[in-house]
Amino acid sequence: MAGGTDTTKLVAELRADMTDAAREALGEHLRQSCHDLNNPLGTLGLELFSLDEVLVGALESLGPAAHGPAAADLAELRTILTNLTQAQRQLEVTVSALQRFARALS
């Protein structure tokens, strides 16, 4: 959806190929799936935010020690956090595209 599918064309094809009832069932299934995905995505977002806060606090608590032997591990944790945050945001973009597609089916 978010990566290049022409949703307008796809909706037109589905309108031509599917019955109204089948298209409505597909739209409802997509809307429910998006709703079901949004709850864990929201939890992920909140937990990633909390993890970032904890990591910042740990770095402040460690002070100069954060630049010692633990520096590589702390940098790796920061990279992991960044990657997870980007993945969570991309999933939100995908769910949003699916929601728009489901609305277009109606």
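Placed above this text is the structure.
Our subject in this report is the structure included herewith. Note that the structure is a prediction, hence the values are computed from the model and not measured.

The next point concerns the overall build of the chain. What the chain contains, in helices and strands, is three helices and zero strands. Helices and strands appear in the chain in the N-to-C order α-α-α. The C-alpha atoms of the chain give a radius of gyration of 21 Å, which is well past the 13 Å a tight globule of 106 residues would have. Along the longest, intermediate and shortest principal axes, the C-alpha atoms of the chain span 65 × 25 × 15 Å. Contacts spanning at least 24 positions in sequence make up 74% of the contacts within the chain whose residues lie at least 6 apart. Carbon and sulfur atoms make up 61% of the accessible area of the chain, which totals about 7100 Å². Considering the chain, the positive charge centre built from 8 side chains and the negative charge centre built from 14 side chains are found 10 Å apart.

All right, on to a nonpolar patch on the surface then. On the surface, Leu77, Ile80 and Leu84 cluster together to form a nonpolar patch covering roughly 250 Å² of accessible area. Looking at where Ile80 falls in the secondary structure, it is placed in helix α3 (residues 71-105).

Conventions and cut-offs
Residues numbered from 1 in each chain as written. Predicted model: local features only at pLDDT ≥ 70, side-chain atom pairs only at ≥ 80, totals over all residues. Heavy atoms only, no water. Helix = DSSP H or I, 4+ residues; strand = E, 2+ residues; numbered from the N terminus. Rg over C-alpha atoms; globule rule 2.2 N^0.38 Å. Contact = heavy atoms within 4.5 Å. Areas by Shrake-Rupley, 256 points an atom, 1.4 Å probe, with all protein chains shown as cover. Lys, Arg positive; Asp, Glu negative; His and termini not counted. Charge placed at Lys NZ, Arg CZ, Asp CG, Glu CD. Patch = residues over 30% accessible without salt bridge, like charges linked within 9 Å, V, L, I, M, F, W, Y side chains within 5 Å. Salt bridge = Lys/Arg side-chain N within 4 Å of Asp/Glu carboxyl O.

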